[in-house]
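# A structural walkthrough
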Amino acid sequence: MSTRREFLTVSIVGATGAALAPRLAGAAPKSMSVVHESSFIKPFDDFFVKQLAPAYEKQTGIKINYETVSVGSMLTRLTTIVETKSGPEITATGLNWPWLFDPSLVDVTDIASDTGKKLGGWYETVTDAVVINNKWKALPWGNIGQLEVYRTDWFKEAGVTKFPDNWEDLLAAGRLLKKAGHPFGFELGHGFGDNHGWLYPLLWSYGGREVDKDGKTVLLDSSETAAAVDFCRRFYKETMFEDVLGWTDVNNNKAFFGEQISCTNNASSILVVGKRDFPEIAKVTDHALNPNGPKGRFHMLNPQSHAILTHAQDQAAAKAFLRWLYDDKQLSAWLVAGDAYYAPFLHAYDNHPMWNPEPRYIPYKESLKTSRLPGWPGPASHAMSESVAKYVVVDMFAKACRGDATKDVIATAVGQLKQIYKAK
Amino acid sequence: MARAAPEVGGRASPRRLLEREGAFSWIMLAPGVLFLIAFVAYPFFYGIYLSLQERQVAKAGLFVGLGNFVTLFHDGVFWQVSRNTFLYTIVTTVLKLLGGLAMALVMNQAFRGRNLARAFLLLPFIVPTILSTIAWMWIFDPTFSVINWTLVHTGAIRTGFSWLGNATLAMVAIIIVNTWRGIPFYGITLLAGLQTISPELYEAAAMDGASINQRFWHVTLPIIKPILIIVTMFSIIFTFADFQIVYALTHGGPANATQVYVTYAFDLGMSAGQLGMGAAAALTMLPALVLLIIGLTLYLRRE
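Residues numbered from 1 in each chain as written. Chains lettered and ligands numbered in written order. Predicted model: local features only at pLDDT ≥ 70, side-chain atom pairs only at ≥ 80, totals over all residues. Heavy atoms only, no water.

### Focus on the overall build of chain A
- A count of helical and extended segments in chain A gives 19 helices and twelve strands.
- Relative to a compact globule of 424 residues, whose C-alpha radius of gyration would be 22 Å, chain A shows 24 Å and is just as compact.
- Seen through its C-alpha atoms, chain A measures out along the principal axes to roughly 95 × 55 × 35 Å.
- Considering only intrachain contacts with a sequence separation of at least 6, the fraction spanning at least 24 residues in chain A is 77%.
- Working note: accessible area of chain A is about 16,800 Å², and carbon and sulfur atoms make up 54% of it.
- Between the mean site of the 46 positive side-chain charges and the mean site of the 47 negative ones, chain A shows a separation of 4 Å. (Helix = DSSP H or I, 4+ residues; strand = E, 2+ residues; numbered from the N terminus. Rg over C-alpha atoms; globule rule 2.2 N^0.38 Å. Contact = heavy atoms within 4.5 Å. Areas by Shrake-Rupley, 256 points an atom, 1.4 Å probe, with all protein chains shown as cover. Lys, Arg positive; Asp, Glu negative; His and termini not counted. Charge placed at Lys NZ, Arg CZ, Asp CG, Glu CD.)

The following block contains the structure:
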């Protein structure tokens, strides 16, 4: 090496080569991690750990670690992963999270497209949550729906043999049941799911909307919203009791198993836990779609999906794993292990054997067509998440139930929404 | 045998370095200082940096100056949160102070089983907050509440209170839990102060004809006052930034009736992904705490 320039050139080439060597070598990773919120259905998590991960390792030599976080803390964990750009390569997402973490998620359109073609196509409703600028950023495996959960024996005793089809009829049934000592219990406090799960659908079913499709024009101040608020106040006063105003997500489950309430809005976890721990109550528990309102019937969309994080060292390997996981052989068996808790968004599973053992879960499948994200018809966005995190719609209803005037609670909520959506 | 001449201008050996008081002090301080820089100073300044940006999770920040604070000051919920935080802190601090002082005075007396009693009284402080708060959730539960059950079965009330559903009672509930958890901290710290008081002082006061009350006001209180002030300062800081009790028991509900700065900041930052706004909400606690610390420090120095 005769000159400094030569030395420099050799050094740069050498350093670059060393840096690229591991990638160019194309060695598959020895292991990858998937992070999930703990499932209410333990066999669902067990199936991954005991069946899927070992099967994939046997085929490819890649070990798949399955990390779980407690219910309700997945968003915090995901925020930490994304902000530190470290941790699991594959994450579970819910609600509109793919929009929140869009820049940190890998495009999985190719897998979504192939999976859709093979398995009867995707439900259109789910694309609101996972398709961003025409790119799929997450692959949904199933919805955790929020439906009406009720005691069939007490409804019958009150003379209600079929679950009411509209809100007014449900109110009438609730009056009878409360009089018989079996009030309703719908969460109006600051939980993370069981409150939004029925209050947004109630708002929509009366024609109320938080924001317009442009994501900027706040539409909440309307006669339709006022009608929904007025109904909610009557529904609360005539069928429930004060505690529901302070409930979080555990309370309605506890109250249902404590035989304190005859009807609530929840995921199918109540029946799942009932069958395991309270078999006598499970025998007289059933589900129904949310009631119809003057402007239709709605449900909450909460698609559970998998996304690949951009910090993954080998994104191709992560994609290969998801492609394998979303093959019918694996996905179908995993959904069966999930005991129909997750309603799949693929039409090939509309009549899947997973629905046969327990027909009481079928309404969760039927609800998919009418399920929307909170903030609908506005697009999924950070503002939508802020509105949910600030409980704007939940507190609007809760304040009305505690006695505040309809116009006041709407005005307060509108003020908050205008700030959140940066509306003029 | 000739001895080697000492090195002049040579490198100092590690042993010599340790013998130099200035260097030794810095070596001893270094772990603590590094710890504080990593886990206190860095997050604190990063928090300030975040609060000056419109910074959404997974995205680059945009400098907005004090924009986040202005937005918060126009947010009705933020003012409700401020009122809640001050009310929660002031009431619990007074209750803990009185309860802790009473506990310390009793525990300072000689009686059978005193050590066992001291150990039991520490339990609320020892049990992890989240566990004890879950126990309190059951205590306040409408169906299973032991308080309601007792009141209803003794005929004191006809129907149970809605501890967590009623806005006022929900605030009372979180105050009760925080007070229950915080009293042992006051009690044990003040007990340590009480044990430094020489019995001769009490004997002298008694010989001068001082009553029990007079002995407390003129002997006990002046001596333990510095400890009382320090423990109150710590307690205010901890209570102001209390997260677990509120988050686990009410999550700020019903309708924000128990929402405090930290739970609101958490919801903004973590649930809404608005990291800049969340940091700003958390930092709004700072002025009140700084004023408090300055005031109490000045007072202590004067004393």
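Past the structure itself, the notes keep going.
### Section: the interface of chain B and chain A
- Taken residue by residue, the interface counts 40 residues in chain B and 33 residues in chain A.
- Carbon and sulfur atoms supply 56% of the area that chain B and chain A bury against each other, a total of about 3,000 Å² over both sides.
- Contact with chain A buries surface across chain B, with B:Val57, B:Ala255 and B:Met270 losing the most and accounting together for 17% of the total.
- At the junction of chain B and chain A, the tally comes to three salt bridges.
- A salt bridge links A:Lys390 to B:Asp75; the nearest nitrogen and oxygen atoms lie 3.9 Å apart.
- For the pair chain B and chain A, the interface holds ten residue pairs in polar contact (both at pLDDT 80 or more).
- Elements that contribute at least two residues to the side of chain B that touches chain A include exactly α7 (129-140) and α13 (261-271) of chain B.
- Of all the elements, α13(B) adds the most residues to the side of chain B that touches chain A, at six residues. (Buried area = accessible area lost by both parts, 1.4 Å probe. Salt bridge = Lys/Arg side-chain N within 4 Å of Asp/Glu carboxyl O. Polar contact = N/O pair within 3.5 Å; in protein donor to acceptor, adjacent residues only side chain to side chain.)

### Overview of the sheet that holds strand β3 (residues 90-93) of chain A
Residues and elements named next belong to chain A.
- With mixed pairing, five strands are arranged side by side in an open sheet as β2-β1-β3-β11-β6. Looking at strand neighbours, the two that pair on one side only are β2 (63-69) and β6 (139-143), the edges of this open sheet. Recorded for the sheet is a direction-independent mean angle of 20° between the axes of neighbouring strands.
- Sheet topology note: the β6/strand β11 (residues 303-308) ladder contains four bridges and is antiparallel. Looking at the pairing, Gly142 lines up with Gln304 of β11. (Pairing = 2+ DSSP bridges. Axes fitted to C-alpha atoms, helices over the stretch in contact; angles between N-to-C directions.)

### Here we look at the domain arrangement of chain B
All names here are of chain B.
- The domain boundaries assigned to chain B delineate domain 1 (20-63) and domain 2 (75-302).
- Centre-to-centre separation of domain 1 and domain 2, based on C-alpha positions: 29 Å.
- Each partner contributes residues to the interface: domain 1 has nine residues there, and domain 2 has eight residues.
- Together domain 1 and domain 2 conceal approximately 680 Å² of surface at their shared face, both sides included; 71% is due to carbon and sulfur atoms.
- Counting across the domain 1 and domain 2 interface gives zero salt bridges.
- The interface formed by domain 1 and domain 2 contains three residue pairs in polar contact (both at pLDDT 80 or more). (Domains from an automatic or database assignment.)

### Description of unusual backbone geometry
- Here A:Trp376 and A:Pro377 are connected by a cis peptide whose omega angle stands at 10°.
- Secondary-structure assignment places A:Pro377 in the loop between β12 (371-372) and α17 (382-389).
- With an omega of -5°, the peptide bond between B:Gly253 and B:Pro254 qualifies as cis.
- Examined against the element boundaries, B:Pro254 turns out to sit in the loop between α12 (244-249) and α13.

### Let's talk about the pairing of β2(A)
Residue and element names in this part refer to chain A.
- Relative to β2, strand β1 (residues 31-37) runs parallel, the two sharing seven bridges. The partner of Val35 across the bridge, within β2, is Glu67.
- What joins β1 to β2 is helix α2 (residues 42-60), and the crossover it makes is right-handed. (Right-handed = clockwise from strand over helix to strand, strands pointing away.)

### Here we look at the side chain of A:Thr93
Residues and elements named next belong to chain A.
- Tracing the sequence through the fold places Thr93 in strand β3.
- For Thr93, a relative accessible area of 2% translates into the label buried.
- Residue contacts for Thr93: discarding those within four places in its chain leaves Leu78, Pro98, Ala138, Pro303, Gln304, Ser305 and Ala307. (Buried < 20%, exposed > 50% of the residue type's maximum accessible area, 1.4 Å probe, protein only.)

### What about the sheet that holds strand β8 (residues 263-266) of chain A?
Residue and element names in this part refer to chain A.
- The three strands lie next to each other as β8-β7-β9, forming an open sheet whose pairing is antiparallel. The open sheet has two edge strands, β8 and β9 (285-288), and neither has a second partner. In this sheet, neighbouring strand axes are inclined to one another by 30° on average, regardless of whether the strands run parallel or antiparallel.
- Where strand β7 (residues 147-151) meets β9, four bridges bridge the pair, whose relative direction is antiparallel. Residue pairing in the sheet places Tyr150 in a bridge with Asp286 of β9.
- Together, β7, β8 and β9 form the strand contacts of helix α11 (residues 249-257), whose direction differs from that of β8 by roughly 145°.
- Packed on one face of the sheet, helix α12 (residues 269-277) meets β7, β8 and β9 and runs near 110° to β8.

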